[in-house]
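Chains, contacts and geometry: an overview
In case you want the letters, here they are:
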Amino acid sequence: MKKELVLDEFAFLVSETDSKGIIRFANDDFCKIAGYNLEELIGQPHSIVRHNDMPKAAFKSLWDTVKKGDVWTGYVKNATKNGGYYWVYGTVFPFDNSDGEQGYLSCRRKPSPQEIIDHEVLYKEWKKSE
Amino acid sequence: MSIKQKLFMSIGGLFGISIVLILSMALSSTILVGQLHDFETLAVKIEKNQKLIIAHEKFMEKMNSTLLKNQKYRSSSTHTTCVLGKWLYPFFKTDEYKNLPSPIQMKLQVLEKNHKKLHAISHKYAQSDSVDTVLRNDLINTAPLLFKDIIIGLEAYNNLLLKKEKQIAETADFEVFIIYILIAILAIITLLIGFFGTRTALNLAKSIKIFHTGLNNFFDFINRKVSSLQPMYVKGDDEIAIMSQGVNKNIEIVSKEIQDDMKVMGEVVITLDKVEQGIYGCQIKSHSKNPMVETLASTINKMLSVINEDMSQLRSRLEEYGNNDFRNKVSISPKLKEDMLAVMQSVNILGDSLSTSAKANLNNGRHLEKSSSTMSHSVNNLANKANQQAASLEETAAAVEEITSITRNNANNASQMSQLGSKVNKAVSDGMILANQTSQAMDSINEQVSAINEAITVIDQISFQTNILSLNAAVEAATAGEAGKGFAVVAQEVRNLASRSAEAAKEIKTLVENAATKANEGKKVSDEMIQGYETLNTNTSETIHLIEDVSAASKEQMTGIEQINDSVTMLDRVTQENAHESDAVAQIAHDVSKLANELVSDASSKKFN
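Residues numbered from 1 in each chain as written. Chains lettered and ligands numbered in written order. Predicted model: local features only at pLDDT ≥ 70, side-chain atom pairs only at ≥ 80, totals over all residues. Heavy atoms only, no water.

Observations regarding the overall build of chain B
Across its full length, chain B carries nine helices and zero strands. Each helix and strand of chain B, placed in order from N terminus to C terminus, yields the pattern α-α-α-α-α-α-α-α-α. For chain B, the residues scored as buried account for 31% of the 609 residues in total. Total accessible area computed for chain B in this model is approximately 38,600 Å², and 60% of it derives from carbon and sulfur atoms. (Helix = DSSP H or I, 4+ residues; strand = E, 2+ residues; numbered from the N terminus. Buried < 20%, exposed > 50% of the residue type's maximum accessible area, 1.4 Å probe, protein only. Areas by Shrake-Rupley, 256 points an atom, 1.4 Å probe, with all protein chains shown as cover.)

See below:
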C-alpha cells in the first residue's frame, strides 16, 4: 500500500504553468510535498504529479473550464516522486504571469477527511465506467 | 407563502373556522332551546286543554247522572270563575288568541257562548227550589250539545296547538340535523387543517433543518473545515426559502471572494518565493475585494517595483563595471534607507574607486610605456655601447701604452714649459710697463687735443665776430654810398676770410676730434693690453703652477696608468659580462615594454570619468 501524505492545515501549494500546463514555478510547499526540487519541476508538464487513480473526466473538466477563462475547483489525488500520494482541493485560475504570458495559477489546500473519502469513492466509480 | 401566512392559514384558519362553527352551533342550540321551551309551553297548554276537556266531560257525566237521578246539584262557580272561564277570558285578551286562525276563533267564540249558556242553565237549575222537570229536561237535552260545542272548541284549539307542536318538533329535528352537519364539517375541516398544518409544520421543520445544515456547512466553509460548498435547496417561497436564497447568494459571493483572495495569495506566495530566489521582475496582477489583501498585494507590488528598479540599476552598473565602464553611477532615491542605501552607496564608491584606479592605471601605464620605451632604447644603446666598449677597450689598452709614453713626454715638456712660462712672465711684465706708458702718452694727447679745441673755439668766436663786423662794415659801406663801394668790397673779402677761417676751424676741430677719438681708442687698447697682461700674468702664473701640477701629476699618472692597465683588463672582462647582461636586460626591457603596452591598451579600453 502506497503511503498517503496528509497535508497540514497550513499547507498552501502554489504552482504556475504556461498555457500548455508546463510548470514555470512552484512554491516550497508544493516542492516539499511532491518530493521534487524546483529545478526538477520547472519545464515539466504538471501531469508529473498526476496519480493513476484520477479519472480522465476530472482533468477534462479542469481543462474545459480553465480554457474558457473560468476558475476550476476540485479534489485531486496527486502522486509524489517516491510513489506516495496526497489529496488536495485545487483551485486553478487562468492568469497572466509576470512576463505577460497567458498561463494558469494553481492553488491547493488540504481537503477535509470526509471530502477525501467521498471523492476516493466517487473517482473509483468514474474510473470503473471509463 | 410566508411562514406567517402558513401559520395563519393553519392555526388561524383552524381557530377562525372553529369560532364560526361554534357560533353557528351556539346559535342553532339557542334556537333549539327556544323551540324546546315553546314546545314545553305548548305541551303544558295542550295538557291543560286535555284536562279541561276531560274535566268538562266528567262534569257533563256527573251532571247527566245527577239529572237522570233527578237530584239537585249545587254549583258555586259562574262561567267566569269556573276553571274554563278563568283560562278563557284572559286568553281572549292575549295576542295568541288574536293571532289564531279565524275558524278556531269562531269555534272558541261558540265555546264561550255555549259555556256561558250552560252555566246560565245550570245555575238556573241549581237555584230552583225543587226539581224543575222542564229545566231538567232542557238541561238533559241541551247540555250535551253545549258540552259538545265546548269540547269541539277546546279540541280545535288543542289540535292547533298539537299542529304547532308537531311543526316545532320538525324544526327542532332539522336544527339538530344542522348541528350534526356542522359538527361533521367542523370535524372534517379540523382534520383537513390538522393534516395541512402538520404537513406545513413538517415542511417548515424540514426547511429549517436544510437551512440549519446549509448554514453549518457555510460556517464550516468559512472556517475552512470544508473545501467546497453546494448551495442549499429549500423549496417554496417562505422566509426560510428566501433566507436560504440569501445564504446561497452569500455562498456565491464569499466563494468568489475566497477564490479571489486565494488567487492573490497564490500569486503573493509564488512572487515572494521568486523574490527569495533573487527574481525581482515580477508583480501581483490579481485583485481582491478584501481591502487588507488588496493593500498587501499593492504594497508588495510597490516594494517589488522599487527593488526591481534598484536591482536593475545595480545590475546594470555592476555589469558596466564588469565591462570596464566606470562612467555611470547608481542614482539613489531619497526614500532609500539602511541596507539598500548602503549597498548603492558602496557600489558608487566602488565605481569611483575603479574609475580612479583605472585612470591611475592608464596614467601609470602610459608613464611605464614611455619609460620602458626609453629604457628599451637605453638598454639597446647600452648593449651596443657595451659591445662598442669592449671593442674600444682593446683600443684603450693600446692607447694606454701611447699615453704612457706621452705622459713621459708630458713630464719633460712640463719642465720646459715651466721655464718658458717664467720667460713669458717676464715679457708680460715688460709689456705691461710699455702699455702703461702708452696709456699715459694717450692721456697727454688728449690734454693737447683739449687745448687745441679751446684754441679752435677762440678762432671760431673771432671768425664769428669778424663776420658780424664785416656785415656791419658792409652796412656802413652801403650807407656811405658810392664812397663806401671799395670798402664794401673789403668788407666782403673780410667776410669771406672770416667764413674760411670758420670752416678751417671746423675742419681742424673735426681732425682734432678724430685725433682725440683715435687717442681714446689707443688708450682703450692700452688699457685692455694692461688688463690682458694682468690676465696673462695671472694665467701664466697659474699655467706655471699647473705645469708643476702636471709634472707631479704625470708621475702619479704613470702609477695610475699601470692601475688603469689592470683595470682595463678587468673592465674588458666586466664589459663582456655587461654586454651579455645588457642583452638580457634588453629582453626584459622588451618584455616590460610589451607589458606596458598591454597595460595601456587594457587601461585605455576602460571607460571612466
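Examining the environment of Gln245(B)
All names here are of chain B. When you line up the elements, Gln245 lands in helix α6 (residues 239-276). Owing to a relative accessible area of 47%, Gln245 belongs among the partly exposed residues under this scheme. Sequence separation between Gln245 and Met232 is 13 residues, and the spatial gap between their C-alpha atoms is 8.0 Å.

Focus: the pairing of strand β4 (residues 85-96) of chain A
All names here are of chain A. Most of β4 sits out of view: 11 of its 12 residues are buried. Here strand β3 (residues 72-79) runs beside β4; their pairing, made up of eight bridges, is antiparallel. Bridge assignment links Tyr75 to a residue of β4, and that residue is Tyr89. The hairpin turn running from β3 into β4, its antiparallel successor, is five residues long, and Gly83 in that turn takes a positive phi close to 90 degrees. Here β4 hands over to strand β5 (residues 102-109) after five residues, with Gly100 in that stretch at a positive phi of 80 degrees. (Pairing = 2+ DSSP bridges.)

Thoughts on the interface of chain A and chain B
Taken residue by residue, the interface counts 28 residues in chain A and 22 residues in chain B. Across the interface of chain A and chain B, roughly 2,000 Å² is buried in total on both sides, 60% from carbon and sulfur atoms. Taken as a group, Phe25(A), Phe93(A) and Ser98(A) account for 26% of the area that chain A buries against chain B, more than any other trio of residues on that side. Inspection of the chain A/chain B interface yields one salt bridge. Of the charged contacts, one joins Glu16(A) and Lys274(B) as a salt bridge, the two residues approaching to 2.9 Å between their closest N and O atoms. At the surface where chain A touches chain B, the tally comes to six residue pairs in polar contact (both at pLDDT 80 or more). Elements represented by at least two residues in the side of chain A that touches chain B include exactly β1 (13-18), β2 (23-26), β3, β4 and β5 of chain A. Counting residues per element, the side of chain A that touches chain B draws most heavily on β4(A), at six residues. (Contact = heavy atoms within 4.5 Å. Buried area = accessible area lost by both parts, 1.4 Å probe. Salt bridge = Lys/Arg side-chain N within 4 Å of Asp/Glu carboxyl O. Polar contact = N/O pair within 3.5 Å; in protein donor to acceptor, adjacent residues only side chain to side chain.)

Side note on unusual backbone geometry
Residues and elements named next belong to chain B. With phi around 65 degrees, Asn324 is a residue other than glycine that occupies positive phi space. Its location among the elements puts Asn324 in the loop between α7 (291-322) and α8 (338-480). The backbone of Glu338 sits at a positive phi, close to 50 degrees, despite the residue not being glycine. Locating Glu338 in the fold gives a position in helix α8.

Function-wise, these values are silent; they only describe arrangement.
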